[in-house]
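Examination of the molecular architecture
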Amino acid sequence: MSKKFYVTTPIYYPSASPHLGHAYCTTLADVLARGKRMRGFDTYFLTGLDEHGEKIQDNAKAKGVTPKEFVDEVAVKFTDLWKIMGISYDHFIRTTDDYHVETVKKIFSRFLKQDDVYLSSYTGWYCVHEESYWTETQVGPEHLCPECGRPVEKKEEPAYFFRCGKFVDRLLKFYDEHPDFVIPEGRKTEMINNFIKPGLTDLCVTRTTFDWGIPVEEAPGHVIYVWLDALTNYISALGYLQQNDALFKNFWEDPDTEIVHVIGADINRFHTIYWPMFLMALSLREPSHVFVHGLMMMKDGKMSKSKGNVIPVPPLVDHFGVDAIRYYLTREIIFGQDGEFTPEQFVERLNVDLANNLGNLLNRTVSMIEKYFGGEIPAYEGDLNDLDKNLYEAARETVKNYETLSDSLKVTEAYAAVMDLVSKANKYIEESAPWALAKDPDKKPLLASCMAHLASVLFLAGELLSPILITKSKELFDQLGLDEDERTYEKAVSLCSLGGHHVVKGSPLFPRLDAAKEIEFIKALMAAPKEKAAA
Ligand code: MSP
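Residues numbered from 1 in each chain as written. Predicted model: local features only at pLDDT ≥ 70, side-chain atom pairs only at ≥ 80, totals over all residues. Heavy atoms only, no water.

1. Let's talk about the site of the ligand
The immediate surroundings of the ligand are formed by 26 residues, with Ile11, Asp50, Asp266, Met296 and Met303 found nearest. When isolated, the ligand has an accessible area of 670 Å², and the protein chains bury 95% of it. Residue assignment for the shell around the ligand shows that the elements contributing at least two residues are β1 (4-12), α1 (20-38), α8 (226-231), α9 (233-236) and β11 (258-264). Of the residues forming the shell around the ligand, the biggest block, four residues, is contributed by α1. Class assignment for the residues of the shell around the ligand results in 15 nonpolar, eight polar and three charged. (Near = heavy atom within 4 Å. Areas by Shrake-Rupley, 256 points an atom, 1.4 Å probe, with all protein chains shown as cover. Helix = DSSP H or I, 4+ residues; strand = E, 2+ residues; numbered from the N terminus. Nonpolar A, V, L, I, M, F, W, Y, C, P; charged D, E, K, R; others polar.)

Below, the structure is given as structure tokens:
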């Protein structure tokens, strides 16, 4: 198992402010990155913005500012949001950054030299909104974009094309040899059936009808078309073809690094067909996995800026706290499926999992240790009965499952397994009935054992959940009286005795929410006037 991990999000279009859909993808990647760091992996986490293209140019014009002024303003909204959401990225790339521009130009020159790209002219059905050309079959008799349903326009212009045909057999062989390249696998089948089998057309990689892009030195008037520019970010950010390429050497060139691109299903084609082909043309290794997540839907379809049905994140975080939002995002949408956001489910999820399950377990445990042992956690003296033994067995099993599931990128399931352990610990309290043990002085060792087991399991649950609960896990550790330097993964998973630590009762980790009131609050946010994208 490799101990290096490189994880990326898509670089988002800064065509308007970020919303919960972007936060969903970025939070997933952040949870993956934090989970690996916690376990001692050498980890690098990249996110950023895809700042070129016709749509940005149009949006800027509509606002009466230059494209760069436009993207500068939106970039701050993204970085501010990531700060609020506790996103622990190592680098924030913007495709207008000089080092990125330099790498893209060099890659294009190399493609030109290798005859991987050629000049031709393009006629096709173009959707300005999706920045995509479509074929006659795809747009159908009504000439509508298959992705967003808007009318497409016929366009012809000189353009360079990438020779996909040259790499298609290699790509299929690569798919065969790496069955887990695309996760879930069904997303790869979609690509083979919908795009590769019908005959892959060469990919347009330059444009001449707008100029907000990276200019092609060899062909004045051409700018690099958005996907070659955008996909390159994953290696330009590491210094590929730049003077300082230490990160590239460490994270990309090492065949043992696990490289994961987290993306939404809407951009699957670009990541699982063209990106591996570009890398083949550059004689570089492929990523280990493209992790295709589902989309956050609203009643009226995909949450998106252009639909104007987005939920603004800052007021949600402000009201419910960052951990609750991160938990909801990680837990609610089962990986690989779309999930619908409803205020009712949101509040229910937080109440059931965080207030009733985790919050309650901590609260009960700390209260009992105070009441029965004057606040000092008793020492672990072995599993004194089957209930103790079963709880520890479940805890060990959880660690194993958590690691296996997170290593296979089953994020939702990995954290569900931890919450399952928390439920078991609550059940263990019911079955052990410490209140009854406390009445009989002969049962004191059993009572002590029960408290010791609960404290260790809480420590473990807090640690395993810490990639999501970035502030509340600390409060949990504080309440268990753990010193800063004790809060390590190794110690938590060893289920070691916390005997002698003094619990410190704090306020409830997640107070129970008044469902009716909170649902009203979210509905008001959803009804607030939305910023519409100009496109
Ligand atoms: N700029 C391209 C990506 C280039 S990557 C080399 C792009 N940008 S985007 O702003 O449209 O963002 C797309 C990604 O944002 C999706 O793939 C998805 O990960 C995320 N999401 C945007 N809306 C979303 C939802 N409603 N739900 C979940 N994720 C969403 O495409």
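2. Side note on the packing of aromatic side chains
Using the criterion set out here, one finds 30 aromatic pairs in the structure. A centroid spacing of 6.0 Å and a plane angle of 75 degrees characterise the contact between Phe320 and Phe521, whose relative ring orientation is edge-to-face. With Phe320 in helix α12 (residues 313-320) and Phe521 in helix α21 (residues 515-527), the pair connects residues that are 201 residues apart, well separated along the chain. Looking at Phe320, the relative accessible area reads 12%, which means it is buried. The aromatic ring of Tyr126 is capped on one face by Arg207, whose charged end is 4.6 Å from the ring centroid. The residue whose ring lies beneath Lys444 is Phe373, and the NZ or CZ to ring-centre distance is 4.8 Å. (Phe/Tyr/Trp six-rings, centres within 6.5 Å; stacked < 30°, edge-to-face > 60°. Buried < 20%, exposed > 50% of the residue type's maximum accessible area, 1.4 Å probe, protein only. Lys NZ or Arg CZ within 6 Å of the ring centre and 35° of its normal.)

3. Description of the pattern of salt bridges
Pairs can form between side chains of opposite charge once their charged atoms are near each other. This model, assessed by the stated rule, comprises 36 salt bridges. A salt bridge links Glu51 to Arg94, with the nearest nitrogen and oxygen atoms 2.6 Å apart. Taken together, the residues Glu51 in the loop between β2 (42-49) and α2 (54-63) and Arg94 in strand β3 (residues 91-94) connect sequence positions 43 residues apart. Note that Asp245 is salt-bridged to Lys249, the shortest N-O span being 3.2 Å. (Salt bridge = Lys/Arg side-chain N within 4 Å of Asp/Glu carboxyl O.)

4. Describing the environment of Glu413
Of note, Glu413 is situated in helix α16 (residues 411-432). With 83 residues separating them in the primary sequence, Glu413 and Thr330 have C-alpha atoms 9.5 Å apart. Residues contacting Glu413, with those up to four places away along its chain left out, are Ile334 and Leu405. (Contact = heavy atoms within 4.5 Å.)

5. Topic: the pairing of β11
The buried fraction of β11 is high, at seven of seven residues. Here β11 shows a buried face lined by Glu258, Val260, Val262 and Gly264 and a second buried face lined by Ile259, His261 and Ile263. Sheet analysis places β1 next to β11, joined by four bridges and oriented parallel. Of the residues in β11, the one forming a bridge with Tyr6 is Ile259. Two strands pair when backbone bridges link them, and β11 and strand β12 (residues 289-293) are joined in this way by five bridges, in the parallel orientation. Residue pairing for β12: Val262 is matched across the bridge by Phe291. For the crossover from β11 across helix α11 (residues 268-281) to β12, the handedness is right-handed. (Pairing = 2+ DSSP bridges. Right-handed = clockwise from strand over helix to strand, strands pointing away.)

6. Let's talk about the domain arrangement of the protein chain
In terms of domains, the protein chain is made up of domain 1 (4-293) and domain 2 (342-494). If you average the C-alpha positions of domain 1 and of domain 2, the two centres end up 42 Å apart. Summing both partners gives a buried area of about 1200 Å² for domain 1 against domain 2, and 69% of it is carried by carbon and sulfur. When the buried area of domain 1 at its contact with domain 2 is split by residue, Val31, Met38 and Arg39 rank highest and sum to 50% of it. Here domain 1 is connected to domain 2 by three salt bridges. Measuring nitrogen to oxygen at the nearest pair gives 3.1 Å for the salt bridge that ties Asp407 to Arg39. (Domains from an automatic or database assignment. Buried area = accessible area lost by both parts, 1.4 Å probe.)

7. Some remarks on the side chain of Asp50
Residue position: Asp50 is located in the loop between β2 and α2. Buried within the structure, Asp50 lacks any salt-bridge partner; Lys55 is the closest side chain of opposite charge, at an N-O distance of 9.3 Å. Once residues lying within four places of it in the same chain are set aside, the contact partners of Asp50 are Ile11, Tyr12, Tyr13, Pro14, Ile56, Thr95, Val226 and Ala230. (Lys, Arg positive; Asp, Glu negative; His and termini not counted.)

8. Examining the nonpolar core
Leu20, Met85 and Phe346 are the most contacted members of the largest nonpolar core, which has 113 residues in total. Counting only domains with at least three residues in this core, you end up with domain 1 (4-293) and domain 2 (342-494). Not counting chain neighbours up to four residues away, the residues in contact with Leu20 comprise Met296, Met303, Ile311, Val313, Leu316, Ile325, Leu329 and Phe341. Counting residues in hydrophobic clusters, the runner-up holds 68 residues, among them Tyr44, Phe167, Ile196 and Trp252. (Core = buried A, V, L, I, M, F, W, Y, C linked by side-chain atoms within 4.5 Å.)

9. Focus on unusual backbone geometry
The omega torsion across Ile183 and Pro184 is -5 degrees, close enough to zero to call that bond cis. Turning to its location among the elements, Pro184 is positioned in the loop between β7 (182-183) and α7 (186-196). Although it is not a glycine, Asp115 adopts a positive phi angle of roughly 65 degrees. By secondary structure assignment, the location of Asp115 is in the loop between α4 (98-113) and β4 (117-127). One non-glycine residue with positive phi stands out, namely Leu495, at about 50 degrees. Tracing the sequence through the fold places Leu495 in the loop between α20 (489-493) and α21.

10. Remarks on empty space enclosed by the protein
All told, the structure shown has two cavities of 30 Å³ or more when counted by the stated rule. Empty space within the largest cavity amounts to approximately 70 Å³. Surrounding the largest cavity, Val31, Leu32, Gly35, Lys36, Arg39, Tyr402, Ser406 and Tyr415 form its lining. Elements that contribute at least two residues to the lining of the largest cavity include exactly α1 and α15 (386-407). The greatest single-element share of the lining of the largest cavity, amounting to four residues, is contributed by α1. In the lining of the largest cavity, the residues fall into four nonpolar, two polar and two charged. When residues of the lining of the largest cavity are sorted by domain, at least three fall in each of domain 1 (4-293) and domain 2 (342-494). Approximately 30 Å³ is the volume found for the second largest cavity. Every residue lining the second largest cavity is listed: Gly359, Leu362, Asn363, Gln479, Gly506, Ser507, Pro508 and Leu509. When residues in the lining of the second largest cavity are grouped by element, the largest group, three residues, is from helix α14 (residues 343-373). Among the residues making up the lining of the second largest cavity, the classes are represented as three nonpolar, five polar and no charged. (1 Å grid on protein atoms, 1.4 Å probe; cavity = no way out; pocket = protein on both sides within 12 Å on 5 of 7 lines; lining within 4 Å. Points joined across faces, edges and corners; volume = space filled by probe spheres on them.)

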